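Residues per chain, in single letters:
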Amino acid sequence: MEKKLKVAALRNGTVIDHIPSDKLFKVVSILHLETSKNQITLANNLDSAKIGSKGLVKISDRALEEDETNKIALIAPNAKINIIREYEVVEKRPLVLPDEIREIAHCGNPNCITNHQPVTTRFFVIKEEGSMRLKCKYCEREMKFEEVKLK
Amino acid sequence: MSKNSLVSISDYSKEEILAILDSATGFEANPNRKTLDGKVVATLFFEPSTRTRLSFETAVIRLGGSIIGFSDAATSSSSKGETLNDTIHMVSCYADVIVMRHPLEGAARYAAEVSPVPIVNAGDGANQHPSQTLLDLYSIKKTQGTLENLNICLVGDLKYGRTVHSLIMAMSHFNPTFKFIAPEELKMPEEYKIFCRKHGIKYSEATELNNNFNDADILYMTRVQRERFQDLMEYERVKNVYTLKNKMLINSKLNLKILHPLPRVNEIDPDVDSNEKAYYFQQAQNGLYVRQAIISKVMGIKS
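Q: Would you mind showing me how to read helix H9 (residues 280-298) of chain B here?
A: Each turn of an α-helix holds 3.6 residues, which means side chains three or four residues apart point in the same direction. Residue and element names in this part refer to chain B. Over its 19 residues, H9 runs 27 Å from end to end, which matches the ideal 27 Å to within 8%, given 1.5 Å per residue. Taking burial as the measure, the 19 residues of H9 include 15 buried ones, the bulk of the element. The positive-phi residue at the C-terminal boundary of H9 is Gly300, with phi of around 70°.

Put into structure tokens, the structure is as follows:
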């Protein structure tokens, strides 16, 4: 019983819920959780009334910064993020698309300098005519989010 | 990082564009000056472009400056694996400004970020070539007397042609009306049509050239560039789709001028050359004055 509680409940940290199942590991990657030393619980393919099948991430003892959670808006715009303190939700973090994203993706243009030289990638996020596109700061090419490759 | 670099035409405001064109008018009247006396300009051409390099180097020489550099990456240390960052830092120890041509898109923006001296982008892959755009604007203004409210017809490779994309962005300050004439395979990409709609710029599209530019003030022809095609069969299908001939100009406006960034292949028949509406060779010459104006501006020299 005690063991189950340790996995299920989070005393302090961040819970990311309602991640579409096929996006869970992209969220893990975009937040660089693979190198994190915090205790992390991942769950996937859980039943969800809203989206059918969902994933979940719990990160102990770390409240994600806004610029980190905003990256999630790129991948899973309907995910729910709660900051937990002493088992209580102290903040429901709204997801806001960032104006600029750094480092997390490779430019989709094979002829872009960032794919040939050690350059930190930067993209401007363009929201217009109802769609979201990324514009590489360097080659100035606009692309859909699916066209960039996450690092 | 130098704040004076010119990487993309969108780096310049309307006022800055007009100031460059004014300055170029002064250089056309009096191209030989000594304002760059004692200054060194590096021309780093990581891919060959003889026309652009000679134009920039002539601009520097006519201003009394000196030139160092290379005209082919094979003769530079980048062929030994040196990073662009290191090349730029090394050259900036010697030169006051760097004019750079590079085959990779975004190379100029990156160079401008790391360089302590101004970078002038002389073309980065299929991306930007702002001195070409400014000389196009100069040619339009010189021949039409204004940049405002003109009918501009863009013809040929509107998909990959960076000159037409930059021209749309630069002309957006001046209330133009565009007609895009291209084969289906080389149509204007959606992002530039979105740009036009966002800026309230009127445009229409057509696939036929003949009799489709009778209301145009500027007919801007482009070459279909073989090197931009993944599929060479597609290139063969479209390469000769438009050839402007002298007889097609009969119903065109008196003030019409034909521009082309050159080199041309088959887009303009040589029988057009003697028509006074042909302006592409003067357009190339205008590049010299515009580049004198650009180099003076990035170096903070009053002209």
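Moving on from the model shown.
Q: Quick question: what am I supposed to make of the nonpolar core here?
A: Taken as a class, soluble globular proteins show a tendency for nonpolar side chains to be buried jointly. Core analysis: the largest hydrophobic core is formed by 99 residues, its most contacted members being Ile98(B), Cys153(B), Leu154(B), Leu219(B) and Tyr220(B). By residue number, the principal contributor to this core is H9(B), which donates eight residues. In this structure Tyr220(B) touches Ile152(B), Cys153(B), Leu154(B), Val155(B), Val164(B), Leu167(B) and Leu259(B), once residues within four positions along its chain are discounted. Ranked by size, the runner-up nonpolar core spans twelve residues in total, among them Leu24(A), Val57(A), Ala79(A) and Ile81(A).

Q: What is the right way to read the sheet that holds strand S10 (residues 142-144) of chain A from this model?
A: Paired through backbone hydrogen bonds, the strands of a sheet run either parallel or antiparallel to each other. All names here are of chain A. Spatially, four strands are ordered S6-S8-S9-S10 in an open sheet, and the strand pairing comes out antiparallel. Each edge of the open sheet carries a strand with a single partner, namely strand S6 (100-102) and S10. Going from strand to strand, the sheet's axes swing by 35° on average, the running direction of each strand aside. Summarising the sheet, strand S8 (residues 122-128) and strand S9 (residues 131-136) pair through six bridges and their orientation is antiparallel. Bridging across to S9, Val125 finds its partner in Leu134.

Q: Is there a simple way to think about the confidence of the model for chain A in this case?
A: Reading fine detail from the predicted coordinates is not recommended where pLDDT is low. Predicted confidence across chain A gives a mean pLDDT of 88, with 94% of residues reaching 70 or more. Every residue in residues 1-7 of chain A is under pLDDT 50, and counting partners more than four places away or in other chains gives one contact.

Q: Looking at this structure, I do not really get the interface of chain B and chain A. What am I missing?
A: As a measure of interface size, the accessible area lost when the parts come together is often cited. Taken together, the contact pairs 15 residues of chain B with 17 residues of chain A. Within the residue set of the side of chain B that touches chain A, elements represented by two or more residues are helix H4 (107-114) and helix H7 (190-198) of chain B. Residue composition of the side of chain B that touches chain A, grouped by class: five nonpolar, six polar and four charged.

Scoring rules and cut-offs
- Residues numbered from 1 in each chain as written.
- Chains lettered and ligands numbered in written order.
- Predicted model: local features only at pLDDT ≥ 70, side-chain atom pairs only at ≥ 80, totals over all residues.
- Helix = DSSP H or I, 4+ residues; strand = E, 2+ residues; numbered from the N terminus.
- Expected span 1.5 Å × (residues − 1).
- Buried ≥ 20, exposed ≤ 12 C-beta atoms within 10 Å, placed from the backbone.
- Core = buried A, V, L, I, M, F, W, Y, C linked by C-beta atoms within 7 Å.
- Contact = placed C-beta atoms within 7 Å.
- Pairing = 2+ DSSP bridges.
- Axes fitted to C-alpha atoms, helices over the stretch in contact; angles between N-to-C directions.
- pLDDT = per-residue confidence, 0-100.
- Nonpolar A, V, L, I, M, F, W, Y, C, P; charged D, E, K, R; others polar.

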